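# Reading the structure
For reference, the chains in residue letters:
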Amino acid sequence: MLIAYFSWGGNTEGIAEEVGRQTGADLFEITLVDPYSSDYNTVLEESQRDQNEQARPALAGQVENMEQYATVLLGYPNWWASIPMPIASFLEEYDFGGKTIIPFCSHGGGRFGQSLTAIAKLAPDAVMGEGLSVHYAGGTTLSSDVRAWLETNGIEY
Ligand SMILES: Cc1cc2nc3c(=O)[nH]c(=O)nc-3n(C[C@H](O)[C@H](O)[C@H](O)COP(=O)(O)O)c2cc1C
């Protein structure tokens, strides 16, 4: 099992780390050759441009031996009611045939938005597990929410 995540502000990263603590699964951060600005107003512009163009930002690192993973827990923030475009780059870079993708999403109120549909379209050969949506960093119930979600997906650890 692999935990792969993209995080701009750290909330998704915190959730990914909690999932990692509970499962012991490998963590992989999806990073960009040309990262988004760390300035909030600028990233709003940059991400909207990428979204409008359906861009595929170049990724900086690669998962080694992706074929060894049967399940990928895929984390991202809700951006413009969908996935950040780096998630699209990631999904197109590997063959997800026969793998299970289990999404987790940090959001500011919009939950998954259209992101689950977007993922299913980009990885049509994958089996989609039950997703977890987390409000910002998840607060005090993060640990129990993650535990319940893993159980729902039949992940034993
Ligand atoms: C560019 C951008 C677009 C966003 N669009 C949405 C949105 O459409 N719906 C929503 O609920 N939250 C939206 N948010 C809020 C993020 O999903 C939220 O802050 C999340 O916790 C960020 O995760 P991160 O810290 O891992 O980057 C947006 C944030 C950014 C920076």
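Reference entry: report on the structure contained in this document. (Residues numbered from 1 in each chain as written. Predicted model: local features only at pLDDT ≥ 70, side-chain atom pairs only at ≥ 80, totals over all residues.)

Tallying secondary structure elements over the protein chain gives 5 helices and 6 strands in all. Helices and strands in the protein chain line up, N terminus first, as β-α-β-α-β-α-β-α-β-β-α. Against the compact-globule benchmark of 15 Å for 157 residues, the protein chain has a radius of gyration of 15 Å, which places it among compact chains. Each principal axis of the C-alpha atoms in the protein chain carries an extent, and together these give about 40 × 35 × 25 Å. With 157 residues in all, the protein chain has 33% of them scored as buried. For the protein chain, the share of sequence-separated contacts (at least 6 apart) that also reach a separation of at least 24 residues comes to 79%. (Helix = DSSP H or I, 4+ residues; strand = E, 2+ residues; numbered from the N terminus. Rg over C-alpha atoms; globule rule 2.2 N^0.38 Å. Buried ≥ 20, exposed ≤ 12 C-beta atoms within 10 Å, placed from the backbone. Contact = placed C-beta atoms within 7 Å.)

Across the interface, helix H1 (residues 11–23) lies against helix H5 (residues 142–152) with an axial gap of 10 Å and an inter-helix angle of 60°. It follows from the interaxial angle that H1 and H5 lie oblique. Seen along the crossing, H1 lies across H5 with a hand that is right-handed. Facing H1, whose interface residues are Ile15, Glu18, Val19, Gln22 and Thr23, H5 presents Leu142, Ser143, Val146, Arg147 and Leu150. Split by residue class, the contact of H1 with H5 holds 5 nonpolar, 3 polar and 2 charged. (Axes fitted to C-alpha atoms, helices over the stretch in contact; angles between N-to-C directions. Parallel < 35°, antiparallel > 145°, perpendicular 65-115°, else oblique. Left-handed = near helix turned anticlockwise from the far one by under 90°. Nonpolar A, V, L, I, M, F, W, Y, C, P; charged D, E, K, R; others polar.)

On to the nonpolar core, then. Ranked by size, the top nonpolar core spans 33 residues in total, and within it Leu73 and Ile101 carry the most contacts. Looking at this core, the elements that each hand over two or more residues are strand S1 (2–5), H1, strand S3 (71–77), helix H3 (85–93), strand S4 (100–107), strand S6 (132–135) and H5. Discounting residues that sit within four places of it in the chain, Leu73 has contacts with Met1, Ile3, Val19, Ala25, Ile102 and Phe104. (Core = buried A, V, L, I, M, F, W, Y, C linked by C-beta atoms within 7 Å.)

Between its first and last C-alpha, H1 extends 19 Å over 13 residues, near the 18 Å set by a 1.5 Å rise per residue. Taken residue by residue, H1 has Thr12, Ile15, Ala16, Glu18 and Val19 as its buried positions. Each buried residue of H1 lies within a common arc of 160° when the element is viewed along its axis, so the set occupies one face. Of the surrounding secondary structure, the elements contacted by the buried residues of H1 are S1, strand S2 (26–29), S3, S4, S6 and H5. A positive phi of about 75° marks Gly24, the residue just after H1. (Expected span 1.5 Å × (residues − 1). Arc of directions from axis to C-beta.)

Glancing now at the site of the ligand. Around the ligand sit 22 residues in total, of which Gly9, Asn11, Thr12, Pro77 and Gly110 are the nearest. Going through the elements one at a time, H1, helix H2 (40–53) and S4 are the ones with two or more residues in the shell around the ligand. Here the residues of the shell around the ligand sort into 8 nonpolar, 13 polar and 1 charged. (Near = placed C-beta within 6 Å.)

It is worth spelling out the environment of Leu132 at this point. Relative to the assigned elements, Leu132 resides in strand S6. C-alpha separation for the pair Leu132 and Glu17, spaced 115 residues apart in sequence, amounts to 14 Å. Sequence-distant contacts of Leu132, defined by excluding residues within four places in its chain, comprise Phe104, Asp145 and Trp149.

As far as function goes, none of this settles anything; it's purely spatial.
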